[in-house]
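Structural overview for review
Residues per chain are reported as follows:
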Amino acid sequence: MKKKVLALVLALALMLTMLAGCGTPASQEGNTTPEGGTDAGTAITLDTIKVGFVHVSDQSDMGYTYNHDIGTQEMQAALGLRDDQIINKFNIPEGAECAAALQELIDQGCNIIFATSFGFEDYVKEAAAANPDVQFCHATGYQAAGSGLSNFHNYFASVYEARYLAGIAAGLKTETNRLGYVAAFPFAEVISGYTAFYLGAKSVNPDVTMDVMYTNSWNDPTVEAQVAKALIERGCDVISQHSDSTAPATTAEENGVWQVGYNNDMIPAAPDASLISARINWGIYVTEAVQTLLDGGQIPVDWCKGLADGAVYLSPLNAAIAADGTQAAISDAEAKLLSGEVHVFGGPLTGNGVDFDGNPISIDIPAGDYYHEQEEASAPSWGYVVPGCTVIE
Amino acid sequence: MIDTATALLMAAVLAGTPLLLGALGEILTEKSGNLNLGVEGMMFMGAIAGLIGSYSYEQALTAAGFEPSGAISALVALIVSFLAGAFGALIYAFLTITLRANQNVTGLILTIFGTGFGNFFGEYFGLKAGGYVTVSSVTKAAFSPIHFPLLSDIPVLGKLLFQYNWMVYFAVAVALVMFWFFRKSRFGLNLRAVGEDPAAADAAGISVARYRYLATVIGGGICGIGGMYMSMVTTSGVWVHGCVTGYGWLAVALVIFATWSPLRGVLVAVIFGGLMIMRMYITIPGLPAQIYDMVPYLATILVLIITSVRQSKEHAMPAGCGLNYFREDR
């Protein structure tokens with residue numbers, strides 16, 4: 001027994017020595033950055049800057065993270081950064097692992113860190129408070145403005161504009177005048193998206209209605225396929241989605257109906273069903289934020305750009321199956337959105353919803369006015385269901 | 001009303017089929033006395049292998065200037081996914097039967113390994129294809145619902161019984177064969193003896209190791225085919241990251257729900273599938289979706305309680321299940 005304990009203690013001692021041995025150069029390396037930072041203040045140069053990313057998934061999701069990573073690559077190409085200046089943390093769950101991933105990035109000397117999933121926000125806020133020398137940018141969140149931290153920022157794109165335009169393709173294509181929407185969660189980000197999609201369809205087809213069904217998951221292809229199938233059984237003949245996988249597209253194809261995608265061009269997955277997709281170009285913000293840091297400027301607390309700046313756009317239209325005149329109708333609406341003649345959430349418009357505590361809320365926008373979605377804060381805030389939309393639950 | 005009911009039943013059958021295949025594979029494995037918790041891993045391995053099998057077959061034939069055939073493509077997917085699941089089970093069998101490793105731990109490790117195996121190769125082929133790994137419309141058509149002449153046109157009944165893809169009928173056929181095997185064949189009786197009391201079976205001259213190896217490996221292959229259902233039917237031949245996640249465990253729950261009987265498995269798979277998709281077809285105002293999602297598990301717990309109260313030997317887990325057999329160890 002004694003021998004065993006002794007052996008264990010010795011083994012532990014050996015491991016600790018080894019770890020300490022490995023650790024020394026790394027910690028010395030880590031020390032150089034803060035020292036350099038304090039010495040020169042704005043000593044971050046193109047040659048020394050390190051950019052970190054925390055993602056909830058990885059590029060293989062072919063959706064949200066894939067699309068965001070394209071933005072990272074665009075930034076790298078635009079600024080000419082080396083591969084070792086970019087550190088990605090993929091497949092980080094929205095829990096304590098996020099705090100660990102952020103700390104690792106800080107230890108590795110990152111000057112600016114992008115966290116791309118909604119559930120990361122609390123950890124990002126904590127890390128920002130503890131590390132004032134590092135800039136933190138969090139996508140889809142809402143807490144930066146109220147946090148009082150100068151190194152904590154939120155960003156998103158007004159994807160509702162692209163969804164509105166994609167809705168036009170659906171509104172012109174539908175024969176049953178009934179659209180179906182595979183929605184992830186009853187959050188404002190999702191509700192804002194499907195309402196914009198529906199209003200786009202309604203702008204070209206006043207008789208159209210839409211059924212919305214939740215999957216309660218960002219990425220579960222089986223449930224997405226089942227929900228899409230259930231919507232098709234209800235008579236919906238164009239399916240759109242706020243969920244990550246291509247399952248709604250392929251389910252639509254198998255059942256001989258059509259689909260409008262999100263995040264990625266889904267035509268290769270379902271060439272006979274996918275009409276068009278609404279996409280976000282993250283490269284614009286990521287490049288802008290890193291460039292601002294290099295120039296010694298202040299990154300905005302809330303950043304949100306849209307159609308006018310190319311931060312949101314549409315994937316190419318599947319002309320082989322789209323209704324005649326779709327491209328012209330989309331281009332026309334796009335011009336009107338850009339000129340301000342038309343607003344996505346323009347009055348007269350009414351809607352009902354529930355607030356965080358489950359109390360009913362409603363909105364009534366008169367003609368001539370419009371809902372200022374994502375103008376003050378970068379996070380979507382429209383949480384109302386408009387007449388014509390039915391949430392199945 | 002009748003339309004909603006038929007739509008619900010159809011969707012229930014489709015939702016239950018991959019779970020049924022996974023459960024059937026696990027029933028065969030557990031009947032031999034091996035508790036293989038790696039169902040999810042083997043399903044993942046089958047899912048990616050089946051898809052890559054079909055994909056490679058199409059690519060090779062198109063490159064050679066031939067037109068790929070949907071039926072052969074489906075057959076390739078079937079065989080390759082079976083082999084992949086069987087390979088996963090072979091690792092498990094070697095570790096638990098030959099090396100007598102702990103069955104629970106080995107099964108859990110197989111789950112982790114299989115998940116990584118599936119996602120790694122899914123990503124690898126995705127990168128190689130420059131986007132999605134996706135099969136052509138010929139293979140997609142082979143996994144689409146079959147239209148039987150005359151039969152499919154019978155009102156209601158035709159829609160309920162003759163409107164599925166071939167894998168649904170395949171799963172039911174496997175269940176029927178397995179039922180016959182356990183009840184009527186000598187090998188099946190021997191296998192059950194091995195699972196209930198390996199020492200007694202050994203004394204009667206039955207090779208415990210051979211039966212356990214064969215049952216585990218073939219069972220793993222059937223689980224692999226269940227995984228292939230996810231990648232070829234549910235996502236229509238497009239690889240989606242983590243597409244099996246969670247469903248392997250549902251298959252394990254289904255084994256308990258079915259009380260280790262293949263025929264009852266068919267019935268409860270439809271019930272289980274129905275409970276999973278019920279909220280999409282029947283809406284009870286004020287009842288949150290999360291409650292619906294709990295119902296399949298509540299049903300499983302209920303079955304566990306009922307069978308343990310009744311203490312029926314016939315509906316219980318094989319007595320030797322979960323224990324490694326070592327002849328000298330008595």
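Positions within a chain are numbered from 1, following the residues in the order the chain's sequence is written. Here chains are named by letter from A upward and ligands by number from 1 upward, in the order in which they appear as written. Local features in this predicted model are restricted to residues of pLDDT 70 or higher, and side-chain atom pairs are both shown and tallied only at a pLDDT of 80 or more, whereas totals for entire chains, interfaces and linings draw on every residue. Side-chain metrics in this entry use all non-hydrogen atoms of the structure; hydrogen atoms and water are not considered.

Details of the overall build of chain A
This is how the line gets drawn: Helix and strand assignments follow DSSP, with helices taken as H or I runs no shorter than four residues and strands as E runs no shorter than two, numbered in order from the N terminus. The rule is simple: take the accessible area with a 1.4 Å probe, protein chains only, and divide by the maximum for that residue type; under 20% is buried, over 50% is exposed, in between is partly exposed. A 1.4 Å probe and the Shrake-Rupley method give the accessible areas. Residues count as covered only by the protein chains that appear here.
Each helix and strand in chain A was counted, giving eleven helices and 15 strands. Residue burial in chain A is summarised as follows: out of 393 residues, 53% are buried. Surface accessibility of chain A: about 16,400 Å² in total, with carbon and sulfur atoms responsible for 55%.

Quick word on the pattern of salt bridges
We apply this condition: A pairing counts as a salt bridge when a side-chain nitrogen of Lys or Arg comes within 4 Å of a carboxyl oxygen of Asp or Glu.
Applying the stated rule across the entire model yields eleven salt bridges over all chains. Across the pair B:R327 and B:D202 runs a salt bridge whose closest N-O atoms are separated by 2.7 Å. With B:R327 in the segment after α13 (289-310) and B:D202 in helix α9 (residues 198-203), the pair connects residues that are 125 residues apart, well separated along the chain. Exposure remark for B:R327: the relative accessible area of 47% places this residue in the partly exposed category. Judged by its relative accessible area of 13%, B:D202 is buried. Put simply, B:R279 and B:D293 hold a salt bridge, and the shortest N to O gap is 3.8 Å. Of this pair, B:R279 sits in helix α12 (residues 262-281) while B:D293 sits in helix α13, placing them 14 residues apart in sequence. Relative accessible area serves as the criterion here: at 8%, B:R279 is assigned to the buried category. Three or more residues are tied together by salt bridges with common partners; here these are A:D47, A:R82 and A:D84.

Focus on the sheet that holds strand β15 (residues 389-392) of chain A
Residue and element names in this part refer to chain A. Definition in use: Two strands make a pair as long as DSSP finds a minimum of two bridges between them. To get an axis, a line is fitted to the C-alpha atoms, and for a helix only the part in contact is used. The angle between two axes follows their N-to-C directions and goes from 0 to 180 degrees.
A sheet is described by the order of its strands in space; here seven strands give the open sequence β12-β10-β9-β8-β6-β7-β15, paired in mixed fashion. Single-partner strands in this sheet number two, and they are β12 (312-314) and β15. Pairs of neighbouring strands in the sheet enclose a mean axial angle of 20°, with direction left out of account.

Things to note about the pairing of strand β8 (residues 238-242) of chain A
Residue and element names in this part refer to chain A. How we decide: A crossover counts as right-handed when, viewed with the strands pointing away from the observer, the path leading from the first strand over the helix to the second turns clockwise.
Within β8, five of the five residues are buried, leaving the element largely enclosed by the surrounding structure. A two-sided burial pattern is seen for β8, the buried positions comprising V238, S240 and H242 on one face and I239 and Q241 on the other. The sheet contact formed by β8 and strand β9 (residues 258-262) spans three bridges and is parallel. Opposite S240, over in β9, you have V260 as the bridge partner. Running through helix α9 (residues 247-254), the crossover from β8 to the neighbouring parallel element β9 is right-handed.

Quick look at the interface of chain B and chain A
In plain terms, the rule: Throughout, a contact is declared for two residues whenever any of their heavy atoms are within 4.5 Å. Accessible-area loss on putting two parts together, using a 1.4 Å probe and summing over both, is the definition of buried area adopted here. For this analysis, a polar contact is any N or O atom pair within 3.5 Å, provided that within protein one partner can donate a hydrogen and the other can accept it, and provided that sequence-adjacent residues contribute only side-chain to side-chain pairs.
At the interface, 28 residues of chain B touch 36 residues of chain A. For the pairing of chain B and chain A, the buried interface totals around 2,500 Å² over both sides, and the portion due to carbon and sulfur atoms is 55%. By the criterion of area lost to chain A, the three top residues of chain B are B:Y132, B:H241 and B:M280, representing 26% of everything that side buries. Across the contact surface, chain B and chain A share one salt bridge. Put simply, A:E253 and B:K140 hold a salt bridge, and the shortest N to O gap is 2.8 Å. Taken together, chain B and chain A are joined by five residue pairs in polar contact (both at pLDDT 80 or more). Going through the elements one at a time, α1 (2-31), α10 (208-234), α12 and α13 of chain B are the ones with two or more residues in the side of chain B that touches chain A.

Section: the environment of A:A322
All names here are of chain A. For A322, the position within the fold is in the loop between β12 and α11 (326-339). Remark: the alpha-carbon pair of A322 and A273, spanning 49 residues in sequence, is separated by 9.4 Å. Once residues within four sequence positions are removed from consideration, A322 is found in contact with K173, L275 and L317.

A few points about the side chain of A:N318
Residues and elements named next belong to chain A. Within the element layout of this structure, N318 appears in the loop between β12 and α11. Side-chain polar atoms of N318 contact the backbone oxygen of P271, separated by 3.0 Å. Setting aside its immediate chain neighbours within four residues, N318 contacts I267, P271, S274 and L275.

Comments concerning the side chain of B:T307
Residues and elements named next belong to chain B. Locating T307 in the fold gives a position in helix α13. Side-chain polar atoms of T307 contact the backbone oxygen of V303, separated by 2.9 Å. With sequence-adjacent residues up to four places away left out, T307 is seen in contact with T259, S312 and H315.

Comments concerning unusual backbone geometry
Cis geometry marks the peptide bond from A:G347 to A:P348; its omega dihedral reads -5°. Checked against the element boundaries, A:P348 lands in the loop between α11 and β13 (349-354). Positioned with a positive phi, A:N91 is a non-glycine residue whose angle comes to about 55°. As for its placement among the helices and strands, A:N91 is situated in the loop between β2 (86-89) and α3 (96-107). One non-glycine residue, B:R100, lies in positive phi territory at about 55°. Tracing the sequence through the fold places B:R100 in the loop between α3 (70-98) and α4 (103-129). Assessed through its relative accessible area of 37%, B:R100 is described here as partly exposed.

Re the confidence of the model for chain B
Selection rule: Each residue gets a pLDDT score, which is the predictor's confidence in that residue and runs from 0 to 100.
Chain-level statistics for chain B give a pLDDT mean of 92 and a share of 100% at 70 or above. Of all helices and strands in chain B, the one with the weakest mean pLDDT is α13(B) (83), whereas α3(B) scores best (97).

Section: the domain arrangement of chain A
Residue and element names in this part refer to chain A. Applicable threshold: Either an automatic procedure or a domain database provided the assignment from which the domain bounds are taken.
Domain parsing of chain A yields domain 1 (43-157 + 283-306) and domain 2 (159-279 + 311-392). Just the C-alpha atoms count here: the centres of domain 1 and domain 2 sit 28 Å apart. With 20 residues of domain 1 at the contact, the number on the domain 2 side is 15 residues. Summing the contributions of domain 1 and of domain 2, the shared interface buries around 1,500 Å²; its carbon and sulfur component is 54%.

Let's talk about helix α8 (residues 186-196) of chain B
All names here are of chain B. Note the following rule: What the arc covers is the set of directions going from the helix axis to the C-beta atoms.
Buried residues of α8: G188, N190, L191, V194 and G195, and no others. Angular distribution of buried residues about the axis of α8 spans 160°; they occupy a single face of the element. Those residues of α8 that are buried lie in contact with α1, α7 (166-184), α9 and α10.

With respect to a nonpolar patch on the surface
Residues and elements named next belong to chain B. Going by this rule: To count toward a patch, a residue needs a relative accessible area above 30% and no salt bridge. Like charges then connect within 9 Å, nonpolar side chains (Val, Leu, Ile, Met, Phe, Trp, Tyr) within 5 Å.
The grouping of I282, I284, L287, I291, M294, L298, I301, I305 and V309 at the surface amounts to a nonpolar patch, some 770 Å² of accessible area in total. Inspection of the secondary structure assignment puts I284 in the loop between α12 and α13. Among the residues examined, I284 registers a relative accessible area of 42% and is labelled partly exposed.

Let's talk about the packing of aromatic side chains
Centre distance and the angle of the planes are the two values used to describe a pair of aromatic rings. Quick note on the threshold: Aromatic pairs are defined between Phe, Tyr and Trp rings, using the six-membered ring for Trp, whenever the two ring centres lie within 6.5 Å; interplanar angles under 30 degrees are classed as stacked, those over 60 as edge-to-face, and all others as tilted.
This structure, assessed with the given rule, holds 34 aromatic pairs over all chains. Considering the side-chain rings of B:F120 and B:F121, the 5.0 Å spacing of their centres and the 85° angle between planes classify their relative orientation as edge-to-face. For B:F121, a relative accessible area of 29% puts it in the partly exposed group. Between the aromatic rings of B:Y124 and B:F125, the centroid separation amounts to 5.3 Å while the plane-to-plane angle is 85°, which identifies the pairing as edge-to-face. Site record: aromatic cluster; members linked through ring pairs are A:F53, A:Y64, A:F114, A:Y155, A:F156, A:W282, A:Y285 and A:W303.

Observations concerning the packing of α7(B) against α12(B)
Residue and element names in this part refer to chain B. Stated precisely, the cut-off is as follows: An angle counts as roughly parallel when it lies under 35 degrees, as roughly antiparallel when it exceeds 145, as roughly perpendicular when it falls between 65 and 115, and as oblique in every other case.
One can describe the packing of α7 onto α12 by two numbers: an axis separation of 7 Å at closest approach and a directional angle of 150°. In terms of axis orientation, α7 runs roughly antiparallel to α12. Between α7 and α12, the contacting residues are V172, A175, L176, M178, F179 and F182 on the first element and P262, L263 and V266 on the second.

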